[in-house]
Amino acid sequence: MLQKIRKVRQDDANRERHWFQDDFFDLFAWTDAAGEMIAFQLCYDRLNRERVLAWSEPTGFIHRRIDDGEALPVQKMTPIMVADGQFAADDIAAEFDNRSTGIDLRWRQFIRNKIDEAGKQLPVPRNLP
């Protein structure tokens, strides 16, 4: 279940950053002074092939895979986001439903609606023969 990380560093006086984490998700959410969500990054499958669904009002949706930067075991580089257009919305929605019960209901519903919306806009994985 997603747990809130306390004492998250705040970089912007106009918005507050929140962080929730479990063994499958990292959720970073930004809220305005009224507590309304204005952006989020939902990182998923974080221990295997990590990807991120990001949303903000000005840019809309972005879906990327996280390249952890570890090409060699003795060389650690900075993780970066790389193209990964396929988004399995139904699978992510089900995981989010199961793991997000401890999050504020308004935020939870907002993110869940955005997952559904992204599923309609982003390419979905095709079943291979």
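Here is what the cut-offs are and how they apply
- Residues numbered from 1 in each chain as written.
- Predicted model: local features only at pLDDT ≥ 70, side-chain atom pairs only at ≥ 80, totals over all residues.
- Heavy atoms only, no water.
- Helix = DSSP H or I, 4+ residues; strand = E, 2+ residues; numbered from the N terminus.
- Buried < 20%, exposed > 50% of the residue type's maximum accessible area, 1.4 Å probe, protein only.
- Areas by Shrake-Rupley, 256 points an atom, 1.4 Å probe, with all protein chains shown as cover.
- Core = buried A, V, L, I, M, F, W, Y, C linked by side-chain atoms within 4.5 Å.
- Contact = heavy atoms within 4.5 Å.
- Expected span 1.5 Å × (residues − 1).
- Arc of directions from axis to C-beta.
- Pairing = 2+ DSSP bridges.

Asks: Can you explain the overall build of the protein chain? Please cite residues and give values.
Replies: The helix and strand tally for the protein chain stands at two helices and seven strands. The order of α-helices and β-strands along the protein chain, N terminus first, is β-β-β-β-β-β-β-α-α. Across the 129 residues that make up the protein chain, the buried fraction comes to 37%. Carbon together with sulfur atoms contributes 50% to the accessible area of the protein chain, which is approximately 8400 Å² in total.

Asks: Pulling in residues and values, what's your account of the nonpolar core?
Replies: Nonpolar side chains in soluble globular proteins tend to end up buried together. In terms of nonpolar packing, the biggest core is built from 24 residues, with Phe25, Phe40, Leu42, Leu53, Phe87, Ile92 and Ile115 touching the most fellow members. For this core, the secondary structure elements donating two or more residues are β3 (25-31), β4 (37-44), β5 (51-56), α1 (89-99) and α2 (105-121). The contacts of leucine 53, once residues within four sequence positions are left out, are Phe40, Gln41, Leu42, Tyr44, Phe61, Ile62, His63, Phe87, Ile115, Ala118 and Leu122.

Asks: Describe in detail α2, supporting the description with residues and values.
Replies: Taking 1.5 Å as the rise per residue, α2 with 17 residues should run 24 Å; its terminal C-alpha atoms sit 24 Å apart, in good agreement. Within the span of α2, buried status applies to Trp107, Ile111, Lys114, Ile115 and Ala118. Burial along α2 is one-sided: seen end-on, the buried residues are contained in an arc of 105°. Away from the buried face of α2 by more than 90 degrees, exposed residues Leu105, Asn113 and Lys120 are located.

Asks: Let's hear about α1: which residues, and what values?
Replies: Working note: α-helix, 3.6 residues per turn, so residues spaced by three or four point in the same direction. Turning to α1, its buried residues number three or more, namely Ala89, Ile92, Ala93, Phe96 and Arg99. Looking straight down α1, one finds its buried side chains confined to an arc of 140°; they lie on one side. Away from its buried face by more than 90 degrees, α1 exposes Asp90, Asp91 and Asn98. The secondary structure elements touched by the buried residues of α1 are β3, β4 and α2.

Asks: Provide a residue-level description of the pairing of β5, including the pertinent values.
Replies: Extensive coverage of β5 is indicated by the burial of six of its six residues. Here β5 shows a buried face lined by Arg51, Leu53 and Trp55 and a second buried face lined by Val52, Ala54 and Ser56. Across six bridges, the pairing between β4 and β5 is antiparallel. Looking across to β5, one finds that cysteine 43 is bridged to valine 52.

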